[in-house]
Amino acid sequence: MTDEVSPSADTLGLEKIDRDEIDHSNGVVLQAEGLRRDYGSVVAVDGVDLTMEEGEFLTIFGPNGAGKSSLLGMLGGGMRPTAGTVRVRGQALSFSEHDWQHRIGMLSHRGFLYGRLTVEENLRFYGTLFGLRDLDERVPARLARVGLAERARFEVRQLSHGMRQRLSLARALLHDPDVVLLDEPYTGLDPSAAGVLRSVLGELRDGRRTVVMVTHNLREGLAMATRLAVQVSGRFAWEGSNQGLGREEFERHYHDVVEGRV
Amino acid sequence: MSTYLSQVWVIVWKDLVLEMRSRERIAAMGAFAVLAGVLFNFSIDTTTTRPQDVASGLIWMTLIFGGLLGVGRTFHLEAQDGALQGVLMSPAPKDAVFLAKTAANFVLLYVVSLLVLGVFGLFFGLDLGPNLGWVVVVLGLGALGFVALGTLFAAVSTGTNMGETLLPVLVFPLLVPMVIYGVGTTTRLINGRPFDEVEGNVRMLGAFALAAVAAGAVLFRYVVED
Amino acid sequence: MSTAGMRRGGTTLTLLGLLGLIALYWMAFFWVPTEVNQGVVQRIFYIHVPAAWTSFLAIGFAALASGMYLWLRDERLDRAALCAVEGGLIFATLVLTTGPLWGKIAWGTYWTWEPRLTLTLLLWFIFIGYFMVRNATEDPEKGKRFAAVVAIVGAIDIPFIHLSVVWFRSLHPEPVVARPDGPTLPGDMLVTLLFGVLVFTVLFFGLFLFRYAVEGLRAEADLRARSAA
């Protein structure tokens, strides 16, 4: 039973998930066990377990150096864990296999964009790498969604940071991944780009995608999340569901956790 | 399979388009080729040496040093934007990425090698005549082996603190067979010897190129893994 | 084999090797008959060839261990490769330092491009490359992987280098008279040569085992220090 939604100008064309493909282990989409990452003698991630079900939205807060980027890297398969495993819909992220990559979309602060390619060319490039066939329809639709349709022919190096982030977002979601990972997406965004991001994330959540977001932006992080976590020194020092705490309350709680009072 | 090919092709396309738009590497390599021809010309004492005798060796050395300029920066652009990570996190197999980058580098270097051949032919008064086709083939085989090793070790050296300066140290010892067979063959061909004489060496050059490409395709994934 | 056992094994082999070396020197310089064409000078051949041989053995061993390391990710395999490369470097350095000295005495030139010396020189650079790459990364795991690649590609290249250098040499005969290092050697010479190869191989593995055991201890100590921190 597949609902195909053809991309239109004002949606991301999010296809409903094909239920026949799913690993029916209680709708678990992402499962990480015992994740550990060392850099020589420095332990960046020290034993993290995480289970995410379909439609959950986890925001991870934490001070710099807590290992959040490394954790996200491992969840996305871009970084090999020193120990532990990651599974997406039951399938282990294996170094040598190539069929799990389209279930994951990653928005990194590094952009993954080529400065001298145009906006359109960047998307078409990644679309081809992901084996997508309908790029002629898909690319313009996605560009329109993030408000970059008029700049399709601009080289990326001519774009502002906010526009580049919007393009990175379109790139990350181009292949309709089940799991979306965002590493500090709100950093340095102008209000309009932030607005686009916010509405796209809202759509992801409504479309029952699974999202893990790392951010310093308390307001945005709390607004979207169904679950929250605070990562300190490579571990989840605190995690729980989003009870609708106000920003100030949570901020106090956050500082309590980070400073070890909880 | 067709996905694999389209993945390889799109990466080759991307590298060549980027190169055409920035002209960063081809300009450096092209300028080096011409200037090397000029300088080498002055470095030969024509009272004691015939240019034709040493031309072949100088052509290959120019290609190697110039090639290193270009190949060394294969991953430079992508390291800057973090774009290589994006490619590596895509479903494109790592060997496809390697083959694509090697192919793009090969195109770059081969174009430059034909330029070098032309420049040196002109400056050194070489009569390439009947064997020109074979010389072009030999240059191609040499370029392929060079580019395969260079791309693999460019990925290695870009990942170290020393960066591209490490590349010649790693690659030069490995290139000895290529230089020996390449120069040996080219000298004979330039001097009008029949192809049969050099056929064995050309095969070795081909075998070398094949081994380099195969080794690179297999080992690249271990180099770029994070 | 336990670490202590390995150390003991290594020490024993090394001592055996050293004793064998003394025997080899005697054989090479006193026992074996003088070669007709080159005279006394040729005797270095029985030391040089085996020493060079161990450095080739080293790269082959290192390449094998490196390949398995990349596949299985067992730290011990990486350590084995490291120790093999170290041993290879030592023997290659020996060949390269003694070779020119003898060359000067025997033929008046420090360096000739004869195939064995050339191959050893290039191998020496490959070994150096191994260490440079291993120590030039921020993440030590990356360095190990890079070094493994260097060892593997180096080993694959060796046959090509050998063939090309031999061919090159055939084009440019050096003033030095060709030496009798073909496959057909008269009895005593062959025995001495083979004994030399045996001795140096034993020496190599002795040093290797010893070094491997020490490296293992160091890794263990590192691990303890890390988990205590």
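Everything numeric here is computed off the predicted structure, so don't read it as measured data.

When helices and strands are tallied, chain A shows seven helices and 10 strands. The burial tally for chain A puts 43% of its 262 residues in the buried class.

Quick look at the overall build of chain C now. Across its full length, chain C carries six helices and zero strands. Here the C-alpha radius of gyration of chain C, 19 Å, is about what a compact globule of 229 residues would show, namely 17 Å. Each of the three principal axes of chain C carries a C-alpha extent, and together these read 65 × 40 × 25 Å. Classification of the 229 residues of chain C by burial places 43% in the buried group. Of all intrachain contacts in chain C linking residues separated by at least 6 positions in sequence, the fraction that spans at least 24 positions is 78%.

Right, let's get into the nonpolar core. Core analysis: the biggest nonpolar cluster contains 211 residues, and C:Ala62, C:Ala81, C:Ala84, C:Val85, C:Val149, C:Val150 and C:Ala151 have the highest contact counts within it. Ignoring sequence-local partners within four residues, the contact set of C:Ala84 consists of C:Ala58, C:Phe61, C:Ala62, C:Ala65 and C:Phe208.

All names here are of chain C. Interaxial distance between helix H3 (residues 75-107) and helix H6 (residues 187-228) falls to 9 Å at its minimum, and their mutual angle equals 135°. Relative to H6, H3 is oriented oblique. Two packed elements cross with a definite hand, and for H3 against H6 that hand is right-handed. On H6, the residues that touch Glu75, Arg79, Ala80, Leu82, Cys83, Ala84, Glu86, Gly87 and Phe91 of H3 are Phe204, Leu207, Phe208, Arg211, Tyr212, Glu215, Gly216 and Ala219. Of the residues in the contact of H3 with H6, the class split is 10 nonpolar, two polar and five charged.

What follows concerns the sheet that holds strand E1 (residues 28-39) of chain A. All names here are of chain A. Taken in spatial order, the four strands of this open sheet run E2-E1-E4-E5, and their pairing is antiparallel. The sheet is open, and its two edges are formed by strand E2 (42-53) and strand E5 (91-92), each paired on a single side. Summarising the sheet, strand E4 (residues 83-88) and E5 pair through two bridges and their orientation is antiparallel. In the strand pairing of E5, Arg87 is matched with Ala92. Here helix H1 (residues 68-75) sits on the sheet in contact with E1, E2 and E4, set at roughly 130° to E1.

Residue and element names in this part refer to chain A. A positive phi angle, near 50°, is found at Arg89, a position not held by glycine. Its place among the elements puts Arg89 in the loop between E4 and E5. If you check the backbone angles, Ser233 has positive phi at about 50° while not being a glycine.

Contact residues are listed per partner, giving 25 residues for chain A and 23 residues for chain B. In terms of residue count, helix H2 (residues 119-129) of chain A provides more of the side of chain A that touches chain B than any other element does, four residues in total.

This part covers the sheet that holds strand E9 (residues 227-232) of chain A. All names here are of chain A. Spatially, six strands are ordered E6-E7-E8-E3-E9-E10 in an open sheet, and the strand pairing comes out mixed. The open sheet has two edge strands, strand E6 (104-107) and strand E10 (235-241), and neither has a second partner. Averaged over all neighbouring strand pairs, the angle between strand axes comes to 15°, with direction disregarded. Where helix H4 (residues 161-173) meets the sheet, it contacts E6 and strand E7 (179-183), and its direction lies at approximately 170° from that of E6. Together, strand E3 (57-61), E9 and E10 form the strand contacts of helix H7 (residues 247-258), whose direction differs from that of E9 by roughly 35°.

A word on the packing of helix H2 (residues 45-72) of chain C against helix H5 (residues 140-171) of chain C. Residues and elements named next belong to chain C. Axis separation between H2 and H5 bottoms out at 8 Å; the angle between their running directions is 130°. Put simply, H2 runs oblique to H5. In the crossing of H2 with H5, the sense of the turn from one axis to the other is left-handed. Each of Phe56, Ile59, Gly60, Ala62, Ala63, Ser66, Gly67, Tyr69 and Leu70 in H2 lies in contact with H5, whose residues at this interface are Arg145, Ala148, Ala151, Ile152, Gly154, Ala155 and Ile158. Class assignment for the residues of the contact of H2 with H5 results in 11 nonpolar, four polar and one charged.

Now for the confidence of the model for chain C. Residue and element names in this part refer to chain C. Here chain C averages 85 in pLDDT, while 91% of its residues score no lower than 70. Considering each helix and strand of chain C separately, the mean pLDDT is smallest for helix H1 (residues 3-31), with a value of 82, and largest for helix H4 (residues 115-135), with 93. With pLDDT under 50 throughout, residues 175-180 is counted as low confidence; its partners more than four residues away or in other chains account for nine contacts. Complex prediction metrics read pTM 0.88 and ipTM 0.91.

With 32 residues, H5(C) should reach 46 Å at 1.5 Å per residue; the first-to-last C-alpha distance of 45 Å fits that figure. At C:Asp157, H5(C) is deflected by roughly 35°, the largest bend along its length, and proline C:Pro159 occurs up to four residues later in sequence.

Attention shifts here to the environment of A:Arg166. Residue and element names in this part refer to chain A. Relative to the helices and strands, Arg166 is located in helix H4. Sequence-wise, Arg166 and Met79 are 87 residues apart; in three dimensions their C-alpha atoms are separated by 24 Å. Those residues within four positions of Arg166 in sequence are excluded, and the remaining contacts are Val146, Gly147, Leu148, Ala193 and Val196.

Our focus in this paragraph is the pairing of E9(A). Walk down a regular strand and you will see the side chains alternate between the two sheet faces. Residues and elements named next belong to chain A. As paired elements, E3 and E9 share four bridges and run parallel to each other. Considered in E9, the bridge of Ile60 is made with Ala229. Pairing analysis gives six bridges linking E9 to E10, with the strands arranged antiparallel. Residue pairing in the sheet places Gln231 in a bridge with Phe236 of E10. Between the antiparallel neighbours E9 and E10 lie two residues, among them Ser233 with a positive phi of about 50°.

Rules used throughout
- Residues numbered from 1 in each chain as written.
- Chains lettered and ligands numbered in written order.
- Predicted model: local features only at pLDDT ≥ 70, side-chain atom pairs only at ≥ 80, totals over all residues.
- Helix = DSSP H or I, 4+ residues; strand = E, 2+ residues; numbered from the N terminus.
- Buried ≥ 20, exposed ≤ 12 C-beta atoms within 10 Å, placed from the backbone.
- Rg over C-alpha atoms; globule rule 2.2 N^0.38 Å.
- Contact = placed C-beta atoms within 7 Å.
- Core = buried A, V, L, I, M, F, W, Y, C linked by C-beta atoms within 7 Å.
- Axes fitted to C-alpha atoms, helices over the stretch in contact; angles between N-to-C directions.
- Parallel < 35°, antiparallel > 145°, perpendicular 65-115°, else oblique.
- Left-handed = near helix turned anticlockwise from the far one by under 90°.
- Nonpolar A, V, L, I, M, F, W, Y, C, P; charged D, E, K, R; others polar.
- Pairing = 2+ DSSP bridges.
- pLDDT = per-residue confidence, 0-100.
- Expected span 1.5 Å × (residues − 1).
- Bend = angle between axes of the 7 residues up to and from the residue.

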